[in-house]
Amino acid sequence: MLNRRTQFVLPFSNITIKDVPLVGGKNASLGEMYQTLVAKGVRVPNGFAVTAYAYRYLLKAAGIEKEIRRLLRGLDTNNLKDLARRGDLVRRTILATKFPAPLARAIIQNYRALSKTFGVKMVDVAVRSSATAEDLPDASFAGQQESYLNIKGEAEILEACKKCFSSLFTDRAISYRVDKKFDHFKIGLSIAVQKMVRSDKASSGVMFTLDTESGFRDVVLINGSWGLGEYVVKGMVNPDEYYVFKPTLKAGYQSVISQKLGSKKRKLIYAGSDHKPTKDMPVPPDQQKKFTLKTKEVLELARWGVQIEDHYKRPMDIEWAKDGLTNHLYIVQARPETVQALKSKQFLESYHLKKTGKVLVRGTAVGSKIGQGPVNAIFSVKEISKFKPGSVLVTEMTDPDWEPVMKQASAIVTNSGGRTCHAAIVSRELGIPCIVGTVNGTRVLKNGRKVTVSCAEGEEGKIYDGIIPFEVIKTSLKKFRRPKVKIMMNVGEPDQAFTLSFTPNDGVGLAREEFIINNSIKIHPLALIHFDKLQDKKAKTKITELIGGYSNKPQFFIDKLAYGIAMIGAAFYPKDVIVRLSDFKTNEYANLIGGREFEPKEDNPMIGWRGASRYYDPKYEAAFRLECKAFKKVREQFGLTNVKIMVPFCRTVEEGQKVLSIMASEGLKRGKNGLEVYVMCEIPANVILAEEFAKIFDGFSIGSNDLTQLTLGIDRDSGILKIAGIGNEKNEAVKTLIRQVIQKARVAKRKIGICGQAPSDFPDFAEFLVKEGINSISLNPDTVLATTLRLAHMHPKKGK
């Protein structure tokens with residue numbers, strides 16, 4: 001029997017995850033998946049591994065190990081010029097070495113055998129490194145060594161293997177090992193030789209089985225772009241982005257809860273030349289506006305991601321590719337996720353700007369931290385020796401060669417890239433705030449300008465002019481006592497939902513549609529329905545740009561609203577998430593694109609055509625039905641039945657009945673599939689007739705802001721009386737109404753909560769609510785922890 005430890009080559013069919021010392025993490029994982037998951041339907045291209053033993057054999061047989069040791073002795077990796085000089089000498093030493101005949105013969109024999117299985121003389125393969133310490137639980141080694149694509153031919157395979165061996169000593173790999181305290185010579189390099197997937201004729205990308213920014217475990221994140229996958233990994237494109245919700249995916253739902261179109265302006269394809277196997281190409285504009293994957297393909301990848309995660313029993317970082325000849329999807333790599341999976345869940349750390357300022361540039365936030373310093377723009381890896389430690393690194397994009405300076409940066413800003421690109425992965429591991437995909441960062445941010453880079457405000461990262469003060473708040477969750485009353489959260493931004501879900505909570509008491517419509521949709525729903533009749537030409541142009549490839553314009557509104565609601569619903573699943581129907585006033589609706597043609601001018605919009613009165617009005621009913629369709633999609637297609645609906649500003653019981661009737665006609669019948677419908681209690685009439693409202697709704701949520709203005713006759717937009725101290729929710733008249741509606745709700749056996757501003761602003765007001773027996777208090781996220789601790793020892797009033 002052959003000794004596997006002294007084999008130069010091992011086929012995937014003879015490798016398992018236990019073989020990391022022999023073939024490295026990448027190859028061990030490929031072999032494990034090829035042996036165990038292919039039979040379960042996960043496609044993994046066949047191949048073989050050139051072992052770490054082969055690498056060590058090369059060093060000793062060629063007599064170059066001593067020379068490499070000599071070249072690296074006394075190296076200071078902070079001296080970038082010396083690092084570059086020594087690294088170059090080591091690589092040249094390896095590349096100048098001739099492969100020993102036994103090693104070359106073993107590689108060629110296995111390449112021929114692989115080619116034969118595909119019925120060709122010379123099969124096209126990918127040649128990738130697999131370090132024996134690569135992808136350990138505390139190190140990602142993201143792109144530390146090189147990959148070579150579309151390699152074909154025996155001499156070409158040997159040359160690519162030699163280049164892979166030499167790439168163990170790239171500047172970034174040397175620097176990374178020194179930082180991680182890995183011995184250069186205790187790490188070996190194995191090589192994966194794997195059948196190429198013709199993604200140059202389709203698409204490829206990266207998949208994580210958790211949210212990379214928050215560590216939220218219940219989603220699969222997929223990025224995709226046209227062509228070969230290197231451009232996604234290296235951050236050279238802004239890719240498409242998809243989120244799939246695992247719990248309802250497993251239950252059989254089409255749970256793609258978010259998809260965002262990336263610009264995808266360039267792609268890497270086959271070049272058709274032995275000397276230059278791949279080439280860069282622009283993506284045609286019409287293809288840029290198309291998603292790289294169909295919904296069924298997103299779901300198939302997500303199911304595979306869950307299978308791989310379940311097999312390895314930990315979150316995974318996976319690369320996928322679609323073959324344009326067969327239209328089949330493949331998994332080409334899988335390794336442990338090394339950042340979020342290892343973070344302590346014993347405390348919460350949050351960064352907060354104490355004020356804001358002028359925003360210079362925006363992009364996609366990576367992480368949730370804040371960094372500051374002078375801009376240091378670097379346009380080429382050849383210039384990295386000019387980088388000044390503590391500066392904000394600004395560049396087009398990074399690849400692994402940039403790692404020595406990335407660790408010295410206070411923050412990183414790139415023009416291109418998505419959440420799964422190299423800059424994003426490495427900055428997460430280093431704990432450095434990073435904003436990718438800014439497009440114009442290098443043009444706007446000039447050398448020496450002091451800036452603040454904020455990733456602490458949701459998905460969108462912002463670079464502010466100047467140094468803005470901020471604070472870091474740490475809260476231990478080890479002995480966090482919960483009160484008897486439910487503490488829920490007010491959530492507006494879907495992009496913050498995953499992060500907010502880690503704050504101790506009992507669900508969402510108020511999710512506002514307005515944030516989703518303002519930030520994601522931006523268009524008045526009637527302007528989409530009546531697009532052809534729209535008079536405003538500028539508005540029509542903007543709408544056409546925003547909706548991209550949507551031919552059915554109202555469907556754009558439905559999908560975007562559904563995705564926003566779903567992100568919040570998924571973040572807190574299976575806890576209740578109460579979503580309030582749109583509650584813009586006429587002046588706010590008019591500010592949406594195309595809105596002015598559909599909105600009347602009112603002297604006091606605060607008490608005008610808003611809330612329930614809009615939904616059944618023939619002038620707006622068609623738009624309301626779009627909202628209903630979005631909710632139906634969230635609950636029935638995505639499976640998020642924890643999402644409840646709340647009707648705002650409902651003046652009469654008859655209004656409530658009309659709204660419920662329209663909802664039922666759109667498949668949202670109260671009680672069906674567990675649907676609960678709440679009503680806002682924000683008008684004195686809601687309190688006076690609470691018994692009647694309780695007959696048609698499942699519960700109340702007190703809106704203390706509007707209830708105060710309507711009880712005291714104050715226009716809360718004017719602010720004058722608030723300054724005078726009159727317009728305060730603690731006014732006894734307001735408290736009397738709140739006390740009465742809590743009592744009436746309890747008698748009617750209906751849920752009663754509050755989602756207004758008062759308990760967030762006034763801790764003693766929250767105590768009053770608990771004493772009166774309220775079921776739940778929904779708070780602004782930044783007040784949840786303090787209020788929870790304050791109420792932990794209080795007990796609600798016992799009632800009927």
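Preceding block: the structure.
Residues numbered from 1 in each chain as written. Predicted model: local features only at pLDDT ≥ 70, side-chain atom pairs only at ≥ 80, totals over all residues. Heavy atoms only, no water.

### Considering the sheet that holds strand β6 (residues 203-208)
One open sheet accounts for six strands, arranged β9-β8-β7-β6-β12-β13; its pairing is antiparallel. At either end of the open sheet lies a strand with only one pairing partner, and these are β9 (256-260) and β13 (329-336). Within this sheet the neighbouring strands show an average axis-to-axis angle of 15°, counted without direction. Two elements, strand β12 (residues 316-322) and β13, share seven bridges in a ladder whose sense is antiparallel. Paired with Ala321 across the strands is Tyr330, a residue of β13. (Pairing = 2+ DSSP bridges. Helix = DSSP H or I, 4+ residues; strand = E, 2+ residues; numbered from the N terminus. Axes fitted to C-alpha atoms, helices over the stretch in contact; angles between N-to-C directions.)

### Some points on the sheet that holds strand β4 (residues 147-151)
With antiparallel pairing, five strands are arranged side by side in an open sheet as β1-β2-β5-β3-β4. Each of the sheet's edge strands pairs with one partner strand only, and the pair in question is β1 (9-11) and β4. Geometrically, the sheet is characterised by an average inter-axis angle of 20° between neighbouring strands, direction not taken into account. Strand direction decides the pairing type here: strand β2 (residues 47-50) and strand β5 (residues 189-195), joined by four bridges, are antiparallel. The partner of Val50 across the bridge, within β5, is Ile191. Each of β1, β2, β3 (125-131) and β5 is contacted by helix α1 (residues 20-36), which is oriented at about 130° to β3, the strand it contacts most. Contacting β2, β3, β4 and β5, helix α6 (residues 154-166) crosses the sheet at an angle of about 25° to β3. (Contact = heavy atoms within 4.5 Å.)

### Considering the pattern of salt bridges
Side chains carrying opposite charge are able to pair once their charged atoms draw close together. Inspection of every chain in the model, using the stated rule, returns 48 salt bridges. Its salt-bridge partner being Glu457, residue Lys462 comes within 3.7 Å of it at the nearest N-O pair. Residue classification places Lys462 among the buried residues on the basis of a relative accessible area of 17%. Judged by relative accessible area, which is 24%, Glu457 ranks as partly exposed. Its salt-bridge partner being Glu666, residue Lys629 comes within 3.0 Å of it at the nearest N-O pair. (Salt bridge = Lys/Arg side-chain N within 4 Å of Asp/Glu carboxyl O. Buried < 20%, exposed > 50% of the residue type's maximum accessible area, 1.4 Å probe, protein only.)

### Regarding the packing of aromatic side chains
Taken as a whole and judged by the stated rule, the model has 19 aromatic pairs. Arranged with centres 6.2 Å apart and planes meeting at 10°, the rings of Tyr563 and Phe638 form a pair that is stacked. On the criterion of sequence distance, the pair formed by Tyr563 in helix α19 (residues 553-572) and Phe638 in the loop between α22 (621-637) and β26 (643-647) is long-range, its members being 75 residues apart. As far as the burial class goes, Tyr563 and Phe638 line up, both buried. Counting every residue linked through ring pairs, the aromatic cluster contains Phe584, Tyr589, Trp609 and Tyr620. Between Lys195 and the ring centre of Phe118, over which it is positioned, the NZ or CZ distance is 5.7 Å. Just above the ring of Trp609 sits the side chain of Lys619; from NZ or CZ to the centre is 5.4 Å. (Phe/Tyr/Trp six-rings, centres within 6.5 Å; stacked < 30°, edge-to-face > 60°. Lys NZ or Arg CZ within 6 Å of the ring centre and 35° of its normal.)

### What about the nonpolar core?
Residues Ile257, Phe572, Ile702 and Ile777 are the most contacted members of the largest nonpolar core, which totals 103 residues. By residue number, the principal contributor to this core is α19, which donates 13 residues. Among all residues touching Ile777, those that are not within four sequence positions of it are Val485, Lys486, Ile487, Met488, Ile754, Pro759, Ala766, Leu769, Val770 and Leu791. Grouped together as the second largest cluster of nonpolar side chains are 62 residues, Leu71, Leu72, Val366 and Ala409 included. (Core = buried A, V, L, I, M, F, W, Y, C linked by side-chain atoms within 4.5 Å.)

### Things to note about helix α2 (residues 52-61)
Considered for burial, the residues of α2 that qualify are Ala52, Ala54, Tyr55, Leu58 and Leu59. Take α2 and look down its axis: the buried residues cluster within an arc of 160°, on one side only. Considering only its buried residues, α2 is in contact with α1, β2, α3 (65-72), α5 (101-117), α6 and β5. (Arc of directions from axis to C-beta.)

### A few points about the pairing of strand β8 (residues 240-245)
Regular strands place their side chains on alternate faces of the sheet. With six of six residues buried, β8 is to be regarded as a mostly interior element. A two-sided burial pattern is seen for β8, the buried positions comprising Asp240, Tyr242 and Val244 on one face and Glu241, Tyr243 and Phe245 on the other. Two strands pair when backbone bridges link them, and strand β7 (residues 219-226) and β8 are joined in this way by six bridges, in the antiparallel orientation. Residue Ile222 lies in a different strand from β8, and its bridge partner there is Tyr242. Two elements, β8 and β9, share four bridges in a ladder whose sense is antiparallel. Each residue of the ladder has a partner; that of Tyr243, found in β9, is Ser258.

### Here's the deal with the side chain of Asp617
Along the chain, Asp617 falls in the loop between α21 (612-615) and α22. Polar side-chain contacts of Asp617 include one of 2.8 Å to the backbone nitrogen of Lys619. (Polar contact = N/O pair within 3.5 Å; in protein donor to acceptor, adjacent residues only side chain to side chain.)

### What about the pairing of strand β23 (residues 486-491)?
Judged by how many residues are buried, β23 sits mostly within the fold: five of six residues are covered. Strand direction decides the pairing type here: β23 and strand β30 (residues 776-779), joined by four bridges, are parallel. When the bridges of β30 are listed, Met489 appears paired with Leu779. As paired strands, β23 and strand β24 (residues 508-512) are joined by three bridges and run parallel to one another. Bridge pairing links Asn490 to Leu510 in β24.

### Some remarks on empty space enclosed by the protein
For the structure on display, the rule yields four cavities of 30 Å³ or more. The calculated volume of the largest cavity comes to roughly 170 Å³. Lining the largest cavity are 20 residues, with Arg128, Ser199, Gly229, Ala321 and Val332 sitting closest to its centre. Residues that form the lining of the largest cavity fall into these classes: 11 nonpolar, five polar and four charged. (1 Å grid on protein atoms, 1.4 Å probe; cavity = no way out; pocket = protein on both sides within 12 Å on 5 of 7 lines; lining within 4 Å. Points joined across faces, edges and corners; volume = space filled by probe spheres on them. Nonpolar A, V, L, I, M, F, W, Y, C, P; charged D, E, K, R; others polar.)

### Describing the environment of Asn775
You can see Asn775 is positioned in the loop between α30 (763-771) and β30. For Asn775, a relative accessible area of 33% translates into the label partly exposed. Each C-alpha atom of the pair Asn775 and Phe557 lies 34 Å from the other, and the pair is 218 residues apart in sequence. Leave out the neighbours within four places in its chain, and Asn775 touches Val485, Lys486, Arg750, Lys751 and Ile752. Within the local environment of Asn775, its side chain forms a polar contact with the backbone nitrogen of Ile752, the two atoms lying 2.8 Å apart.

### Looking at unusual backbone geometry
In this structure, the amide linkage connecting Tyr573 to the following residue, Pro574, adopts the cis form with an omega of 5°. With respect to the helices and strands, Pro574 occurs in the loop between α19 and β25 (577-580). Of note in the backbone geometry, Lys522 takes a positive phi value of approximately 70° without being a glycine. Here Lys522 shows up in the loop between α16 (513-521) and α17 (525-529). Phi angles above zero are rare outside glycine, and Lys749 is one such case at about 60°. Within the secondary structure, Lys749 sits in the loop between α28 (732-747) and β29 (751-754).

Without other data, these values stay purely geometric and don't point to any function.
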